[in-house]
Amino acid sequence: MKIALIAKDKPGALEIRKANRDAHVAYLKATDAMEMAGPFLDENGEMCGSLIILNMDMATAQEWAANDPYKKADLFDSVELITWNKVLG
């Protein structure tokens, strides 16, 4: 099952994101079930959230999201996990 993780950063949290980015990217790379990932950008081109596509069941995705270094650093204002169906691409 594919899960879309959609996270939005807290306002003014760019420095928290930058300080924890290496740990977050290492966490992504250590996950075989991560299919694609990247940041959302604000109107100034600065990172302000994340989109991650995971291939795992919802319970595992919830656990995975809870252990993300960004989550542990309290970067996110919101995190949503939604079952997703890839049709094209």
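Residues numbered from 1 in each chain as written. Predicted model: local features only at pLDDT ≥ 70, side-chain atom pairs only at ≥ 80, totals over all residues. Heavy atoms only, no water.

Engineer: I tried to follow the packing of aromatic side chains on my own but got confused; where do I start?
Structural biologist: Using the criterion set out here, one finds 2 aromatic pairs in the structure. Aromatic side chains Y70 and F76 sit 6.0 Å apart centroid to centroid with 85 degrees between the ring planes, which places their arrangement in the edge-to-face category. We note that Y70, like F76, is buried. (Phe/Tyr/Trp six-rings, centres within 6.5 Å; stacked < 30°, edge-to-face > 60°. Buried < 20%, exposed > 50% of the residue type's maximum accessible area, 1.4 Å probe, protein only.)

Engineer: What is the right way to look at unusual backbone geometry in this model?
Structural biologist: Generally, phi is negative for residues other than glycine and the peptide bonds are trans, each holding for most cases. With a phi angle near 65 degrees, D74 is a residue other than glycine that sits in the positive phi range. Tracing the sequence through the fold places D74 in the loop between α3 (69-72) and β4 (76-84). (Helix = DSSP H or I, 4+ residues; strand = E, 2+ residues; numbered from the N terminus.)

Engineer: Whenever I open this one, the side chain of H24 confuses me. Can you help?
Structural biologist: In this structure, H24 sits in helix α1 (residues 14-29). The exposure class assigned to H24 is buried, which follows from its relative accessible area of 6%. A distance of 2.8 Å separates the side chain of H24 from the side chain of D68, its partner in a polar contact. In contact with H24, other than residues within four places in its own chain, are I52, D68, P69 and Y70. (Polar contact = N/O pair within 3.5 Å; in protein donor to acceptor, adjacent residues only side chain to side chain. Contact = heavy atoms within 4.5 Å.)

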